[in-house]
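One-letter residues, chain by chain:
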Amino acid sequence: MDYPVAETGRAVVSCLIKSLVIPRPIAWITSMSAQGCINAASFSFFNMMGDNPPVVAVGFSHRLLRNTAQNIMETGAFVINLVTEETAQVMNWTSLPVPADVNEMEMFGLQARASAHVAPPQIAQAPVSLECSLLETVNTGQEQILMVGRVIALRIEDALIQDAAKDYIKEDAFRPIARMGGSGTYSRTTDTFVMERPVLPQS
Ligand SMILES: Cc1cc2nc3c(=O)[nH]c(=O)nc-3n(C[C@H](O)[C@H](O)[C@H](O)COP(=O)(O)O)c2cc1C
């Protein structure tokens, strides 16, 4: 089957593409309004887009354009907290559409840890937090808005760190989760395999 986007219903394209580009990591974003109101919410249109400098991209639905996107536009800063099996349930609660002046961190018992370089706090229950500054906002002319951020600091829980010879991070202890297609389906990151990059023979 061929699905030209312009001739396919919006809902069908949305369902299809969300079921095809999987798994998607989840950015659990903390942000702060110009007035100092803190916000936390979940975003799976998210990934890192490069490592030098480290950059990330997050997609916001204009239809839902709510507190997080508004805060980032106002202040230019945000924190991406990575979601693990332990924090999956509370991450899900923070996706509720609560008013801008309600702090989801307080509402759902999340502890705030001060960030070192940006105003929004980190979520202390998350083992990894990436402090980011807004590089660019891309308007698609339709429902979706894309924000590209530069990662300016990484905070990693000590228990996850191992030596460089083992790729720095203990993946078994980290256990991040990701979003699959279909409503409410997630994946773990524990079923992995190793494949070395090929090299051209010297001759
Ligand atoms: C796992 C998960 C992933 C989500 N991904 C996105 C996303 O990528 N973009 C988006 O606009 N909303 C996404 N949502 C919905 C937002 O979390 C929801 O609209 C939230 O209320 C936005 O909060 P805010 O108003 O505080 O920014 C997602 C929700 C969940 C549970």
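Residues numbered from 1 in each chain as written. Predicted model: local features only at pLDDT ≥ 70, side-chain atom pairs only at ≥ 80, totals over all residues. Heavy atoms only, no water.

This part covers the site of the ligand. Neighbouring the ligand are 21 residues, the closest being Asn39, Ser42, Phe45, Arg66 and Thr68. In this structure, Thr68 approaches the ligand through a side-chain N or O atom, which is 2.6 Å from an oxygen atom. Those elements that place two or more of their residues in the shell around the ligand are β3 (38-43), β5 (54-61), α2 (67-75) and α3 (88-93). Tallying contributions element by element places β3 first for the shell around the ligand, with four residues. Classifying every residue of the shell around the ligand by side-chain character gives nine nonpolar, nine polar and three charged. (Near = heavy atom within 4 Å. Polar contact = N/O pair within 3.5 Å; in protein donor to acceptor, adjacent residues only side chain to side chain. Helix = DSSP H or I, 4+ residues; strand = E, 2+ residues; numbered from the N terminus. Nonpolar A, V, L, I, M, F, W, Y, C, P; charged D, E, K, R; others polar.)

Okay, the sheet that holds strand β2 (residues 27-32) next. Across the sheet, which stays open at both edges, the seven strands sit in the order β3-β2-β6-β9-β10-β5-β4 with antiparallel pairing between neighbours. Single-partner strands in this sheet number two, and they are β3 and β4 (46-51). Within this sheet the neighbouring strands show an average axis-to-axis angle of 35°, counted without direction. In the sheet, strand β6 (residues 77-82) pairs with strand β9 (residues 128-139) via five bridges, with the strands oriented antiparallel. Residue Phe78 lies in a different strand from β9, and its bridge partner there is Cys132. Contacts between α2 and the sheet are confined to β2, β3, β5, β6, β9 and β10 (144-156), with β2 contributing the most and set at about 50° to the helix. (Pairing = 2+ DSSP bridges. Axes fitted to C-alpha atoms, helices over the stretch in contact; angles between N-to-C directions. Contact = heavy atoms within 4.5 Å.)

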